[in-house]
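# Breakdown of the fold
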Amino acid sequence: MTEYSVTELAAVRSEVKQPPDFTRFWDSVRADLSTVPVEWERIPDATWTTDELTVDWLRFSSVDDQLIYGWLAVPHEAGSMQRNGYLWLPGYSFGNPPPRRESLYSKTVTFGPNVHGNTPDTPYIHPATQNREYITEGIESPQTYAYRGIVAHCLRALDVLKEQPEVNPDKLIVGGMSQ
């Protein structure tokens, strides 16, 4: 096994390669998204609500006439003040994991969207168990590739999070799992 010094590791540079139409493509995705009004509905659901936080469902419109659902966890500890907003992106799965310790922070409203278009009652289903290669679905064209929609849904979820009354729209965080 080769060992490298900190200096050698710090000197490593990757070459970023983008197709010539990369910027044009993502600009077109953002343009498609801009034609969809930022419309959302908050749906109370006591299933995951606790003494420490209220968890509701959010439903919003996204590209390609998709309705996207996700949970919104609002901690009680900060009272009526606006809090940080955290867009917690799920990993590579079809389900929407419930709010857990790794996705919740003190005085922070967390929004966990299911960017695959599943409804709140869709159970966790890993694509590998369905004999599907979800990560390559539609890869024949940038317009049909699964990640085009996923990225657009994430961008719209950020718009929706900013509109929540408990969230300070100037204090947003994006993080999550493998995606």
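Below, the structure is looked at part by part. Since the model is a prediction, treat every value here as computed from it, not as a measurement.

What follows deals with the packing of aromatic side chains. Tallying each qualifying case throughout the model produces six aromatic pairs. On the basis of an interplanar angle of 45° and a centroid distance of 5.5 Å, the ring pair of tryptophan 48 and tryptophan 57 is categorised as tilted. Tryptophan 57 sits in the buried class, given a relative accessible area of 7%. With a centroid separation of 6.0 Å and an interplanar angle of 70°, the aromatic rings of phenylalanine 60 and phenylalanine 111 are classed as edge-to-face. One end of the pair, phenylalanine 60, is in strand S2 (residues 53-61); the other, phenylalanine 111, is in strand S5 (residues 108-114), and 51 residues separate them in sequence. Taken individually, phenylalanine 60 and phenylalanine 111 each receive the classification buried, so the pair is uniform in this respect.

It is worth spelling out helix H3 (residues 146-162) at this point. Given a rise of 1.5 Å per residue, 17 residues ought to cover 24 Å, and the 25 Å separating the end C-alpha atoms of H3 matches this to within 8%. Of all 17 residues in H3, 12 are buried, a share of seventy percent or more. For H3, the full list of buried residues reads Ala146, Tyr147, Arg148, Gly149, Ile150, Ala152, His153, Cys154, Arg156, Ala157, Val160 and Leu161.

We now examine the side chain of threonine 108. Structurally, the position occupied by threonine 108 is in strand S5. On the accessibility criterion, threonine 108 (4% relative accessible area) is buried. Separated by 3.0 Å, the side chain of threonine 108 and the backbone oxygen of serine 106 make a polar contact. Those residues in contact with threonine 108 that lie beyond four places of it in its chain are Ala73, Pro75, Arg83, Asn84, Gly85 and Tyr86.

A separate point is the sheet that holds strand S4 (residues 83-89). Each strand in a sheet pairs with another by means of backbone hydrogen bonds, the pair being arranged parallel or else antiparallel. Taken together, the six strands give an open sheet; going across it, the order is S1-S2-S3-S5-S4-S6, and neighbouring strands pair in mixed fashion. Here the strands that pair on one side only, and so sit at the sheet edges, are strand S1 (40-44) and strand S6 (167-176). Ignoring which end each strand starts from, the neighbouring axes of this sheet average 25° apart. In this structure, S1 lies alongside S2, joined through five bridges in antiparallel fashion. Across the sheet, residue tryptophan 40 finds its bridge partner in S2, namely phenylalanine 60. Sheet strands touched by H3: S1, S2, strand S3 (67-75), S4, S5 and S6. Its angle to S4, the strand with the most contacts, is close to 160°.

The next point concerns the pattern of salt bridges. A side chain of one charge can pair with a side chain of the opposite charge when the charged atoms of the two come close. Scanning all chains against the criterion turns up seven salt bridges. Of the charged contacts in the structure, one is a salt bridge between aspartate 56 and arginine 42, with a shortest N-O distance of 3.1 Å. Here aspartate 56 is found in strand S2, whereas its partner arginine 42 is found in strand S1, with 14 residues between them in sequence. Across the pair arginine 156 and aspartate 159 runs a salt bridge whose closest N-O atoms are separated by 3.2 Å. On the criterion of helical spacing, the pair formed by arginine 156 and aspartate 159 is a turn pair, its members being three residues apart in helix H3.

Here we come to the nonpolar core. In terms of nonpolar packing, the biggest core is built from 19 residues, with Phe60, Leu72, Leu87, Val109, Phe111, Ile150 and Leu161 touching the most fellow members. When residues of this core are traced back to their parent elements, those giving at least two are S2, S3, S4, S5 and H3. Per-element accounting of this core gives the leading share, seven residues, to H3. Not counting residues within four places of it along the chain, the set of residues in contact with leucine 161 comprises Leu72, Gly85, Tyr86, Leu87, Val109, Phe111, Val167 and Leu172. Among the nonpolar cores identified, the runner-up in size contains seven residues, and Val55, Ala73, Tyr86 and Trp88 belong to it.

About the cut-offs
- Residues numbered from 1 in each chain as written.
- Predicted model: local features only at pLDDT ≥ 70, side-chain atom pairs only at ≥ 80, totals over all residues.
- Heavy atoms only, no water.
- Phe/Tyr/Trp six-rings, centres within 6.5 Å; stacked < 30°, edge-to-face > 60°.
- Buried < 20%, exposed > 50% of the residue type's maximum accessible area, 1.4 Å probe, protein only.
- Helix = DSSP H or I, 4+ residues; strand = E, 2+ residues; numbered from the N terminus.
- Expected span 1.5 Å × (residues − 1).
- Polar contact = N/O pair within 3.5 Å; in protein donor to acceptor, adjacent residues only side chain to side chain.
- Contact = heavy atoms within 4.5 Å.
- Pairing = 2+ DSSP bridges.
- Axes fitted to C-alpha atoms, helices over the stretch in contact; angles between N-to-C directions.
- Salt bridge = Lys/Arg side-chain N within 4 Å of Asp/Glu carboxyl O.
- Core = buried A, V, L, I, M, F, W, Y, C linked by side-chain atoms within 4.5 Å.

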